[in-house]
Amino acid sequence: MRGLFITLEGGEGAGKTTQAHRMKEYFELQGREVILTREPGGTPEAEKIRALLVQRDGGNWTPTAECFLFFAARVMHVETLIKPAVAEGKIVISDRFTDSTVAYQGYGHGFDLNVIEQVRQIALGDFEPDLTFVLDLPVKEGIKRSMAQKAVASGAENTEDRFEKLDTSFHERLRHGFLEIAKFEPKRVKVIDATQGVDGVFKKISKELSMLLHA
Ligand SMILES: Nc1ncnc2c1ncn2[C@@H]1O[C@H](COP(=O)(O)OP(=O)(O)OP(=O)(O)O)[C@@H](O)[C@H]1O
Ligand SMILES: [Mg+2]
């Protein structure tokens, strides 16, 4: 059976991790072997780079340096985990991938989209996900969800600062960025309205998955 590489994208609190687990169950019920992974990170080396990118004391990188760090982590992830697993017929589901770099660093922070594309080309060549879901949520709703989640998780030491402290206009650019990516690549990237409940969102995802499996 053909392996698959599927990615989940969208802003904070959009439901990526929740839906990644739903997708894993869905495929496992069909007897498929599934690997859940995430970016930045996913392999020991890439997780070391993740710490440089997302932890408070990770370093003060310039945008170009940051772009290279994301792709250095991604190359390790693709070459040592994703490609070998897909070649063995497994289904790899990644919570974020290149589209997040384009949306956050490019659309969000204004880093040159052409430079990102050039680095992507050198790092990954023509390798790309078989299918990508952009979980689309109004900015306010996403912030509400991730705040609620934070409240539940508080008590646990959280050293990762992430991108959540950024202002609303940043999140609007981010959302727009993901929608633009989907507009440019409608075959690979499916926008999913993430405002409904978990089951409703997954129903839309599973429709796309079954089309992919029967393509
Ligand atoms: N469809 C949904 N409707 C309502 N709440 C949801 C839905 N999906 C997820 N949630 C809740 O919203 C919060 C964020 O979900 P989740 O962690 O899956 O998002 P995420 O996109 O992975 O966020 P992050 O970018 O912070 O990792 C969780 O508390 C989750 O239980
Ligand atoms: Mg998550």
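The preceding data block contains the structure.
Cut-off values and rules
- Residues numbered from 1 in each chain as written.
- Chains lettered and ligands numbered in written order.
- Predicted model: local features only at pLDDT ≥ 70, side-chain atom pairs only at ≥ 80, totals over all residues.
- Heavy atoms only, no water.
- Near = heavy atom within 4 Å.
- Polar contact = N/O pair within 3.5 Å; in protein donor to acceptor, adjacent residues only side chain to side chain.
- Areas by Shrake-Rupley, 256 points an atom, 1.4 Å probe, with all protein chains shown as cover.
- Helix = DSSP H or I, 4+ residues; strand = E, 2+ residues; numbered from the N terminus.
- Nonpolar A, V, L, I, M, F, W, Y, C, P; charged D, E, K, R; others polar.
- Expected span 1.5 Å × (residues − 1).
- Buried < 20%, exposed > 50% of the residue type's maximum accessible area, 1.4 Å probe, protein only.
- Arc of directions from axis to C-beta.
- Contact = heavy atoms within 4.5 Å.
- Core = buried A, V, L, I, M, F, W, Y, C linked by side-chain atoms within 4.5 Å.

## So, the site of ligand 1
Around ligand 1 sit 17 residues, and of these Lys-16, Thr-17, Thr-18, Gln-149 and Gln-196 come closest. Within the backbone of Val-198, a nitrogen or oxygen atom sits 3.2 Å from a nitrogen atom of ligand 1. Protein chains shield 76% of the accessible area of ligand 1, which is 630 Å² for the free molecule. Put simply, the parts of the chain that give the shell around ligand 1 at least two residues each are α1 (16–29), α6 (139–153) and α8 (198–213). The biggest single contributor to the shell around ligand 1 is α1, with 3 residues. Grouping the constituent residues of the shell around ligand 1 by class yields 3 nonpolar, 8 polar and 6 charged.

## Overview of α6
In this model α6 runs 21 Å from its N-terminal to its C-terminal C-alpha over 15 residues, within 8% of the 21 Å that 1.5 Å per residue would give. Taken residue by residue, α6 has Val-139, Gly-142 and Ser-146 as its buried positions. Projected down its long axis, α6 shows its buried positions confined to an angular sector of 65°, all on one face. Along α6, exposed side chains directed more than 90 degrees from the buried face belong to Lys-140, Lys-144, Met-147, Ala-151 and Val-152. Buried residues in α6 make contact with α7 (168–184).

## Some thoughts on the nonpolar core
Among the nonpolar cores identified, the biggest contains 25 residues, and Ile-82, Phe-97 and Phe-178 are the most heavily contacted of them. Breaking this core down by element, the ones donating at least two residues are α3 (63–87), α4 (98–108), α5 (113–124) and α7. With 6 residues, α3 is the largest single contributor of residues to this core. Core analysis: the next-biggest nonpolar cluster, separate from the first, contains 22 residues, Leu-4, Val-34, Phe-202 and Leu-209 among them.

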